[in-house]
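Structural overview
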Amino acid sequence: MNPMNPMNSEPNIQDMTRITCDPPRPQPDNGEPRPVLEVRNVTRTYAGEPPVRALRGVSFAVRPGELVAVVGPSGSGKTTLLHLMGTLDRPSTGTVRITGCDVAAMSDRQLAALRATQIGFVFQQFFLSEHSTLVDNVADGLLYTGIRSADRRAQALNALGLVGLADRPDARPTQLSGGQRQRVAIARALVGRPSIVLADEPTGNLDSATGASIMELLGALHDAGVTIVVITHDRSLADRLPRRIEMLDGCIIADTASVMPAQAISVPVDSANAVPADDSRFRPGRQP
Ligand SMILES: Nc1ncnc2c1ncn2[C@@H]1O[C@H](COP(=O)(O)OP(=O)(O)OP(=O)(O)O)[C@@H](O)[C@H]1O
Ligand SMILES: [Mg+2]
């Protein structure tokens, strides 16, 4: 599979029905919901002369409904970490669990099915099909879920509404601004109601005002219950998010979750395009 375009993976629908955690992990007895994502003692070393130790033992968990920023200088391991969280790559050592399932125990086809149903991706480069309409681009996010074409389109229209583009379903990406393109990519990530949305520098190709509006949209989606991990270089944007994980040289050097309860701070939402906080069209999907 091409890690740059995970939408191109083609899981067999039957694989999805076989995604089970064996043995099932018990619910934590402290009353907290089971994490959507768990990363434990994870390392990733790229082969080469010399080998690159991109991650050197990273651990954290993301609970349902959290909005987490991952920050750090270039080369600190952020994208490597996102690929592992998104099951686009496997750790050298350590454990990654998505909705309680240990990805090490899963075949490539099962992982593709897990991605199609549980994880939404947003990338700096948008990865939209220029020749397709907005609604078809978003509906592509449901291609491997077994949902009928007419229903895919209806759900795609809903998702476009969540990002403020419901009135332009038949436009093409070339007719949009960069910020609007990224909104379409976010709608595509959301349309399958994934358990978690992973975004790698979603504001990296945008001017600062447009980038701020995209982060406000992510904040509004968070308020509506979506679980999001977002990598950003922009510290001023990250500082406004409820939780920050700071990376340096393949290690986590700070995680505000240890000093601040999740959702203690909410991102102000003043964009007319952003989803209202009480929007009943979106609720976190498929939480275990
Ligand atoms: N496929 C690869 N093969 C070899 N080395 C790699 C590969 N991908 C990343 N690296 C190296 O791993 C380290 C971490 O890279 P990574 O892309 O995760 O950093 P990053 O924090 O996302 O950086 P940036 O902010 O520039 O995107 C870097 O030293 C990088 O050169
Ligand atoms: Mg990167």
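Each value, and the rule that gives it
- Residues numbered from 1 in each chain as written.
- Chains lettered and ligands numbered in written order.
- Predicted model: local features only at pLDDT ≥ 70, side-chain atom pairs only at ≥ 80, totals over all residues.
- Helix = DSSP H or I, 4+ residues; strand = E, 2+ residues; numbered from the N terminus.
- Buried ≥ 20, exposed ≤ 12 C-beta atoms within 10 Å, placed from the backbone.
- Contact = placed C-beta atoms within 7 Å.
- Pairing = 2+ DSSP bridges.
- Axes fitted to C-alpha atoms, helices over the stretch in contact; angles between N-to-C directions.
- Near = placed C-beta within 6 Å.
- Nonpolar A, V, L, I, M, F, W, Y, C, P; charged D, E, K, R; others polar.
- Core = buried A, V, L, I, M, F, W, Y, C linked by C-beta atoms within 7 Å.
- Parallel < 35°, antiparallel > 145°, perpendicular 65-115°, else oblique.
- Left-handed = near helix turned anticlockwise from the far one by under 90°.
- pLDDT = per-residue confidence, 0-100.

With that out of the way, let us pick up the overall build of the protein. Across its full length, the protein holds 8 helices and 10 strands. Across the 288 residues in the protein, those meeting the buried criterion constitute 45%. Restricting to contacts in the protein with at least 6 residues of sequence separation, those with at least 24 account for 75%.

Spatially, β6-β7-β8-β3-β9-β10 is the arrangement adopted by the 6 strands of the open sheet, whose pairing is mixed. At either end of the open sheet lies a strand with only one pairing partner, and these are β6 (119–123) and β10 (251–255). Strand after strand, the sheet turns through a mean of 20 degrees between neighbouring axes, direction not considered. Here helix α7 (residues 208–223) sits on the sheet and contacts β3 (67–71) and β8 (228–231); the angle it forms with β8, its principal contact strand, is near 160 degrees.

Read across the sheet, 4 strands follow the order β2-β1-β4-β5 without closing on themselves; strand pairing throughout is antiparallel. On the outer flanks of this sheet lie β2 (52–62) and β5 (101–102), each paired with one strand and no other. Bridge count for strand β1 (residues 37–46) against β2 is 8 bridges, and the pairing is antiparallel. In the strand pairing of β2, L37 is matched with V62. Where helix α2 (residues 78–85) meets the sheet, it contacts β1, β2 and β4 (93–98), and its direction lies at approximately 125 degrees from that of β1.

Once that is clear, we can look at α2. Within α2, 7 of the 8 residues are buried, which leaves the element mostly enclosed by the surrounding structure. Buried residues of α2: K78, T79, T80, L81, L82, L84 and M85, and no others. Just downstream of α2, T87 is the residue with a positive phi angle, here 60 degrees.

A few words now on the site of ligand 1. The local shell around ligand 1 consists of Y46, G48, V52, A54, G72, S74, G75, S76, G77, K78, T79 and T80. Counting only elements with at least two residues in the shell around ligand 1, the list comes to β2 and α2. Of the residues in the shell around ligand 1, the class split is 3 nonpolar, 8 polar and 1 charged.

So, on to the pairing of β3. Burial analysis of β3 places 5 of its 5 residues in the buried class, which makes it a mostly covered element. Burial along β3 is two-sided: the face carrying L67, A69 and V71 and the face carrying V68 and V70 are both buried. When β3 meets β8, the two strands line up parallel, connected through 4 bridges. Considered in β8, the bridge of V70 is made with I231. Where β3 lies against strand β9 (residues 243–248), 4 bridges are found, and the strand directions are parallel. Bridge pairing in β9 links V71 to E246.

Another aspect to go through is the nonpolar core. V138 and A187 are the most contacted members of the largest nonpolar core, which totals 75 residues. Aside from chain neighbours lying at most four places away, what touches V138 is A156, A159, L160, V184, A187, R188 and V191.

Running from N to C, helix α6 (residues 178–190) and α7 point in directions that differ by 20 degrees, and their axes come no closer than 9 Å. As the angle between them shows, α6 and α7 are arranged roughly parallel. Judged by the sense of rotation from one axis to the other, the crossing of α6 with α7 is right-handed. Residues G178, G179, Q182, R183 and I186 of α6 form the contact with α7, whose participating residues are T210, S213, I214 and L217.

Bringing the confidence of the model for the protein into the picture now. Across the protein, pLDDT averages 84, with 78% of residues at or above 70. Below pLDDT 50 for its whole length, residues 1–8 participates in 16 contacts with residues either more than four positions away or in separate chains. Every residue in residues 260–274 is under pLDDT 50, and counting partners more than four places away or in other chains gives 32 contacts.

Turning our attention to helix α3 (residues 108–118). Residues three or four positions apart in an α-helix share a direction because the helix packs 3.6 residues into each turn. Of all the 11 residues making up α3, 9 are buried; the element is thus mostly covered by neighbouring parts of the structure. Among the residues of α3, those classed as buried are Q110, L111, A112, A113, L114, R115, A116, T117 and Q118.

Both trends apply: most residues other than glycine have a negative phi, and most peptide bonds are in trans. In this model, E49 is joined to P50 through a cis peptide bond whose omega is 0 degrees. Positionally, P50 belongs in the loop between β1 and β2. Of note, T87 is a non-glycine position whose phi angle comes to about 60 degrees, a positive value. One can find T87 in the loop between α2 and β4.

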